[in-house]
Amino acid sequence: MKLVVETLLREALNGLGSAQTTLDGVTIAVERTRDLAHGHFASNVAMQLAKPLRKSPRDIAKLIIDQLPASELLEKTAIAGPGFINFYLTDAAFHQELLRIRSSGAAYGHNDNGKDQRVLLEFVSANPTGPLHVGHGRHAAYGACVANLLSANGFEVRKEYYVNDAGRQMDILGLSTWLRLLEQAGNSLSFPSGAYRGNYILDIAAALQQQQPELSELPAALFTDLPADGPDGNADEHLDALIANANESLGSERFRGVIEFALNSILDDIKDDLGEFGVSYDEWFSEKSLSDDGAVQKALTLLASNNVTYEKEGAVWFRATDYDDEKDRVVVRDNGRTTYFASDIAYHLNKVDRGFNKLIDIWGSDHHGYVPRVRAGMDAMGQPSEILEVDLVQFVVLFRGSEKVQMSTRSGEFITLRELRQEVGDDAARLFFVMRSNEQHLEFDLDLAKSKSNENPVYYLQYAHARIASVFRELNSQSLGYDEALGIEQLSRLNAGQEKTLLVRLSQFPEMVELAARQKAPQHIVHYLKDVAQDFHAWYNACLFLEDEAELRNARLFLAQQTAQVMRNGLTLLGVSAPDSM
RNA sequence: GCCUCGGUAGCUCAGUGGAUAGAGCGUCCGCCUCCUAAGCGGAGGGUCGCAGGUUCGAUUCCUGCCCGGGGCACCA
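Treat the numbers as computed from the prediction; the structure is a model and nothing was measured. Position labels on residues start from 1 in each chain and follow its written sequence. Chains carry letters and ligands carry numbers; both start at the beginning, A for chains and 1 for ligands, and go up in the order they are written. Predicted model: local features are reported for residues with pLDDT of at least 70 only, side-chain atom pairs are reported and counted for 80 or more only, and whole-chain, interface and lining totals are derived from all residues. Each side-chain value is worked out from all heavy atoms of the structure, with water and hydrogens disregarded.

**Q** Even after reading the chapter, I still don't get the packing of aromatic side chains, so can you show me in this structure?
**A** Each pair of aromatic rings is reported with the distance of its centres and the angle of its planes. A pair of aromatic rings is counted whenever rings of Phe, Tyr or Trp (Trp by its six-membered ring) have centres within 6.5 Å, and the orientation is called stacked for planes under 30 degrees apart, edge-to-face for over 60 and tilted otherwise. For the structure on display, the rule yields 24 aromatic pairs. Pairing Phe-285 with Tyr-347 gives two aromatic rings, centres 4.8 Å apart and planes at 35°, and the pair type is tilted. Of this pair, Phe-285 sits in strand β7 (residues 283-286) while Tyr-347 sits in helix α12 (residues 340-353); the two residues are 62 residues apart in sequence, bridging distant segments of the chain. The burial state of Phe-285 is the same as that of Tyr-347; both residues are buried. Taken together, the ring pairs in this structure connect Phe-318, Tyr-323, Tyr-340, Phe-341, Trp-363 and Tyr-370 into an aromatic cluster. Across from the ring centre of Tyr-88, 4.5 Å away, lies the NZ or CZ of Lys-76, which sits over that ring. A cation over an aromatic ring shows up here: Arg-467 above the ring of Tyr-540, its NZ or CZ 3.7 Å from the ring centre. Secondary structure elements are defined from DSSP: runs of H or I of at least 4 residues count as helices, runs of E of at least 2 residues count as strands, and each element is numbered from the N terminus. A simple rule labels every residue: compare its accessible area, found with a 1.4 Å probe on the protein chains alone, to the largest value its type can have, and call it buried under 20%, exposed over 50%, or partly exposed in between. To sit over a ring, a charge needs its Lys NZ or Arg CZ within 6 Å of the ring centre and within 35 degrees of the ring normal.

Take a look at the structure:
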């Protein structure tokens with residue numbers, strides 16, 4: 001739609017001969033007006049040309065308007081304010097757009113801006129040491145929406161979950177599980193303060209005991225020679241010694257078996273949870289696989305051959321300060337184990353090797369200091385770090401009415417994503433999570449999300465769609481029938497103010513899809529759909545759809561049908577259902 | 001101290017350098033003999049944190065300051 005005006009304007013500017021040379025630095029901005037009194041679109045090009053042409057904006061605007069070619073889509077133009085050129089389009093222009101909605105259907109609003117661009121989108125990637133909590137839900141909802149938006153803009157998107165299945169946390173997970181199993185078998189022991197205390201460990205332990213009852217016997221040596229646990233002693237040292245003892249008494253192969261069992265239980269749970277939430281992945285990428293197949297070593301070798309590593313205090317360091325990071329980073333610890341960071345640069349090297357044009361990582365805002373480090377690693381390996389985009393998601397704070405809900409992973413008493421979904425439903429959770437900018441702290445009101453009232457934005461949007469479906473049901477029950485061809489023929493009958501407003505609104509959808517994808521900002525779609533719903537509800541209250549007169553009735557039904565299509569397309573992008581009845 | 005996100009109506013927040021800064025909730029007043037009142041119409045409510053700068057034009061961009069969230073590991 002916007003293209004219509006841009007094309008006309010460009011032709012006019014070309015006809016403006018003398019201005020030609022000065023056009024270079026000027027961007028031809030055509031924008032929707034905020035107020036329909038100013039027309040449908042406006043351009044500030046005359047004001048931009050004022051300086052180079054040494055003429056007043058209004059005079060330039062007049063020159064441009066004189067050069068505008070005639071078009072049946074353009075009703076009139078006007079010069080306004082300091083020198084805006086306002087464009088008023090004809091009804092026919094909007095009727096034409098309505099037909100485009102009809103013919104494009106579910107693809108209306110989509111474009112091919114991202115043609116031939118391959119994107120790897122990595123999101124959530126929560127540690128598989130426990131169930132997903134509410135914050136991960138926001139990451140999941142946001143990431144899935146960004147994927148939908150990019151796909152709608154023609155990008156080829158691959159969604160990936162990086163599974164942190166390596167490192168000390170896996171040992172702690174295995175130890176926690178085994179100790180709980182031992183407790184459940186009747187042994188009394190002192191559970192370490194640094195181990196995972198969540199209730200889900202109890203369930204995993206019980207399932208493991210069922211499968212391997214021989215793990216139930218407490219080895220005499222397990223709790224011997226341990227440094228004191230915290231808070232008086234050192235919780236970390238205590239835990240590490242205990243892990244070493246467990247490895248010893250169980251044998252590393254059987255201990256690894258316990259870890260794998262717990263890991264797979266948790267991972268299955270995460271997959272189910274996200275699947276039910278409507279968030280799917282193309283790949284679950286194992287961190288452990290990077291060290292198993294030599295990718296980490298390859299990355300370290302690459303860094304070494306580029307002379308950006310050195311040894312200090314028994315560890316191997318990456319000279320990140322040469323690449324705009326604030327300090328150098330350890331890649332191999334003094335105990336010989338590689339760091340998480342080493343895996344991560346190997347992972348990004350692997351992503352580049354897979355031939356993507358764009359890498360998008362969605363991380364918690366608490367990881368923002370990590371961004372320059374990864375970029376530094378990519379630069380040092382000779383990789384194009386500019387294809388990496390990191391989007392940060394701020395925290396979620398839960399409220400019940402005006403009361404803040406406490407969440408603490410420490411005590412294991414956090415609200416899981418599953419609990420949240422059960423309480424408020426998947427649709428409400430998906431919408432609430434993307435309603436605000438990802439860079440904004442989110443206050444999530446549980447009471448509001450589950451209230452079945454007009455206060456709840458989820459219902460407001462869905463209700464608009466359901467109302468339209470209801471009209472068509474009522475139509476059938478009154479055996480009136482719907483003649484689409486007649487409706488299309490009679491679109492000029494749509495003269496009510498609410499109808500004109502809605503026609504204009506619907507035509508904005510493709511621009512919103514483009515904007516939301518460019519900014520990776522799904523909240524634009526939410527706000528837009530609220531506007532569509534509001535325009536529709538206003539129309540619904542002002543005009544009767546099931547008019548006796550067939551011409552008007554069918555024209556209105558056609559507009560209602562296309563409104564439902566746009567609502568459906570928008571809700572689909574958000575991962576929210578568009579019900580026919582509520 | 002450094003990095004980062006924010007400060008817009010009573011509350012929660014939109015706002016892609018433009019015209020009279022918006023929405024929802026809350027408050028107040030109205031609207032169902034008709035397609036779902038899970039809806040609609042109206043009223044009230046603002047020094048866009050403060051001070052400079054760039055610009056024809058700044059809530060928007062830049063700088064400084066004030067206030068708040070978060071982060072600054074040989075954890076992942």
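**Q** When you look at the pattern of salt bridges in this model, what are you seeing that I'm missing?
**A** The salt bridge criterion pairs a side-chain nitrogen of Lys or Arg with a carboxyl oxygen of Asp or Glu, the two atoms within 4 Å. One pass over the full model with this rule turns up 32 salt bridges. Put simply, Arg-329 and Asp-325 hold a salt bridge, and the shortest N to O gap is 2.9 Å. Taken individually, Arg-329 and Asp-325 each receive the classification buried, so the pair is uniform in this respect. Three or more residues joined by partner-sharing salt bridges are found here, namely Asp-273, Glu-276, Arg-421 and Asp-426.

**Q** Where do I start with the sheet that holds strand β11 (residues 358-364) in this structure?
**A** Sheets are built from strands that pair by backbone hydrogen bonding, the pairs being arranged parallel or antiparallel. Read across the open sheet, the five strands follow the order β7-β6-β5-β11-β12; overall the sheet is parallel. Among the strands making up the open sheet, the edge pair consists of β7 and β12 (388-393). Each strand axis lies, on average, 25° off the axis of its neighbour in the sheet, ignoring direction. Of the strand pairs in this sheet, β11 and β12 are connected by six bridges, and their pairing is parallel. Looking at the pairing, Gly-364 lines up with Val-393 of β12. What makes two strands pair is DSSP finding at least two bridges between them. For helices, the fitted line uses only the C-alpha atoms of the stretch in contact; every axis is such a line through C-alpha atoms, and the angle between N-to-C directions lies from 0 to 180 degrees.

**Q** Which parts of the structure should I look at to understand helix α20 (residues 509-518)?
**A** Within the sequence span of α20, burial applies to Phe-509, Glu-511, Met-512, Val-513, Ala-516 and Ala-517. Following α20 by one or two positions, Lys-520 adopts a phi angle in the positive range, close to 50°.

**Q** How should the packing of helix α5 (residues 134-152) against α20 be read in this particular structure?
**A** Between two packed helices, the angle of one axis relative to the other and the distance separating the axes together describe the packing. Contact geometry for α5 and α20: axes closest at 9 Å, N-to-C directions at 125°. Comparing the axis directions of α5 and α20 gives the class oblique. Every pair of crossing elements has a handedness; the one defined by α5 and α20 is left-handed. Residues Leu-149, Leu-150 and Ala-152 of α5 lie in contact with α20, whose contacting residues are Val-513, Ala-516 and Ala-517. Note on angle classes: values under 35 degrees are labelled roughly parallel, values over 145 roughly antiparallel, values of 65 to 115 roughly perpendicular, and the remainder oblique. Left-handed is the label given to a crossing in which the near helix is rotated counterclockwise from the far helix by less than a right angle, and right-handed is the label when the rotation is clockwise. Contacts between residues were defined by any pair of non-hydrogen atoms, one from each residue, lying within 4.5 Å.

**Q** Sorry if this is basic, but what is going on with unusual backbone geometry here?
**A** Apart from glycine, the bulk of residues carry a negative phi angle, and the bulk of peptide bonds sit in the trans form. With phi around 55°, Asp-225 is a residue other than glycine that occupies positive phi space. On the basis of relative accessible area, Asp-225 is assigned to the exposed category, the value being 77%. One non-glycine residue, Glu-313, adopts positive backbone phi at about 55°. Assignment of secondary structure puts Glu-313 in the loop between β8 (309-312) and β9 (315-318). Residue class for Glu-313 comes out exposed when judged on its relative accessible area of 65%.

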